[in-house]
Amino acid sequence: MGKYDALFTRTYIRKLGVKNRFVMAPMGIGANAASGVFDEQGIAYYAERAKGGSGMLNIGFQIVTNKTDPFTSTRYGVGTPMMEMGWANLVDRVHGYGTAVCLQLSCGLGRNAPVIPGMQNVSASENTCFWDPTQKTRALRIEEIHDIVRSFGVAAKMAKNAGADCIEIHGHVGYLLDQFMTTLWNHRDDEYGAQNFENKMRLTTEIYHACRDAAGPDMPILFRLIIEHDIPGGRTKEESAEIIRYLDKLGIDAFDVDMGCYESYDWIFPTCYMPDGCMTDTSGEFARTVTEKPILTTGSYTAD
């Protein structure tokens, strides 16, 4: 058996067969930024990646609601039949190359979003905005949190209708959902506060159930998670291990793991100076010691 033969073998996520072990990682390329809907140029971009032979494409940062995070408010196609049609067109094109499609669903950036004049960013609680430390976020109201959960369910149903093979819940890099899961950014004192593990994970739990109810029992649901924020007060590997074990039991089918946050930028956008497999060494191998579910990770990889 050749050194890299295993990379070309068929694998499974739940009941989904993927023709090889190459997955294009989710990236915010702006292909559907203006409206939240894929146009021909965006679809062609992903079709070319499928043509290149990837087993699965993870279509990054698909917004589930434009009602809460000001950064998403101009994406008028979000949650509409327009978005579902765009997904369906993309899926049809990519499936033509035998490549699976995973749609990454996100509720927004929270404190990491650019500050829009006249609008206040949102978060789990009051936090300093990353791009403008003179500005503070406001805590999401309970009814807004409930709408986020509902919106994930709607998006999951749309993804299934569009023929997507799986979905991924976007809970990494210090974005809005991650802010709820991290004590550093979650100072709430209600049922969504980080004062205990159950409450800290409540929003994630409710999102998972909304997605599972909408997508059905067979559609794989992945979760993207930062293993370590690598900043003072950020999440540690030990805390992430507890979260992964919990999500494993909850029903997550695979984990998409990496490192960092906006305050440790080199991890989330690895430079050419980072070694090959930097995420595998620091997060992928760690995650494998915690769960037997499939692990996806990112970073540069070159043949020896």
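Before any of the text, the structure's been laid out above.
Residues numbered from 1 in each chain as written. Predicted model: local features only at pLDDT ≥ 70, side-chain atom pairs only at ≥ 80, totals over all residues. Heavy atoms only, no water.

All right, on to the overall build of the protein chain then. Of regular secondary structure, the protein chain possesses 9 helices and 11 strands. Whereas a compact globule of 304 residues would reach a radius of gyration of roughly 19 Å, the protein chain reaches 18 Å, a difference of no more than 12%. The principal-axis extent of the C-alpha atoms belonging to the protein chain is close to 55 × 40 × 40 Å. Residues counted as buried form 55% of the 304 residues belonging to the protein chain. Across the protein chain, contacts joining residues at least 24 apart in sequence account for 68% of those joining residues at least 6 apart. (Helix = DSSP H or I, 4+ residues; strand = E, 2+ residues; numbered from the N terminus. Rg over C-alpha atoms; globule rule 2.2 N^0.38 Å. Buried < 20%, exposed > 50% of the residue type's maximum accessible area, 1.4 Å probe, protein only. Contact = heavy atoms within 4.5 Å.)

Bringing unusual backbone geometry into the picture now. One non-glycine residue, Val173, lies in positive phi territory at about 55°. Residue position: Val173 is located in the loop between strand S8 (166–171) and helix H4 (176–180). You can call Val173 buried: its relative accessible area is 3%. Positive phi is not limited to glycine here, since Asp230 has a value of about 60°. Exposure remark for Asp230: the relative accessible area of 43% places this residue in the partly exposed category.

Another point: the sheet that holds strand S4 (residues 56–63). The strand order across the open sheet built from 7 strands is S3-S4-S5-S8-S9-S10-S11, with neighbouring strands paired in parallel fashion. Looking at strand neighbours, the two that pair on one side only are strand S3 (23–24) and strand S11 (295–297), the edges of this open sheet. Pairing between strand S5 (residues 100–106) and S8: 4 bridges, direction parallel. The residue of S8 that forms the bridge with Cys102 is Cys166. (Pairing = 2+ DSSP bridges.)

Further remarks concern helix H7 (residues 237–250). Here H7 spans 20 Å end to end across 14 residues, near enough to the 20 Å set by a 1.5 Å rise per residue. All of the buried residues in H7 are Ser240, Ala241, Ile243, Ile244, Leu247 and Leu250. Elements that come into contact with the buried residues of H7 comprise helix H5 (197–200), helix H6 (202–215), strand S9 (221–226), strand S10 (254–258) and helix H9 (278–288). The positive-phi residue at the C-terminal boundary of H7 is Gly251, with phi of around 135°. (Expected span 1.5 Å × (residues − 1).)

Turning next to the environment of Asp39. Looking at the secondary structure, you find Asp39 in the loop between S3 and helix H1 (40–51). Classification of Asp39 by relative accessible area gives partly exposed; the value is 39%. Sequence spacing of Asp39 and Gly86 is 47 residues, and the spatial spacing of their C-alpha atoms is 6.9 Å.

Once that is clear, we can look at the nonpolar core. In a soluble, globular protein the nonpolar side chains are often hidden away together inside. Formed by 78 residues in total, the largest nonpolar core has its most connected members in Trp87, Phe152, Ile169 and Ile207. Ranked by residue count, the leading element in this core is helix H3 (residues 142–161), at 8 residues. Among residues more than four places away in sequence, those in contact with Ile169 are Leu105, Phe152, Leu177, Ile207, Tyr208, Cys211, Ile221, Leu222, Phe223 and Arg224. Among the nonpolar cores identified, the runner-up in size contains 10 residues, and Ile13, Leu16, Ala254 and Leu296 belong to it. (Core = buried A, V, L, I, M, F, W, Y, C linked by side-chain atoms within 4.5 Å.)

Among the 5 residues of S10, 5 are classified as buried, and the element is accordingly described as predominantly covered. With burial as the criterion, each face of S10 is covered, one bearing Ala254, Asp256 and Asp258 and the other bearing Phe255 and Val257. Relative to S10, S9 is paired through 5 bridges, and the arrangement is parallel. Counterpart to Leu225 in the pairing with S10 is Val257. Across 3 bridges, the pairing between S10 and S11 is parallel. In the sheet register, Phe255 faces S11, and the bridge partner there is Ile295.

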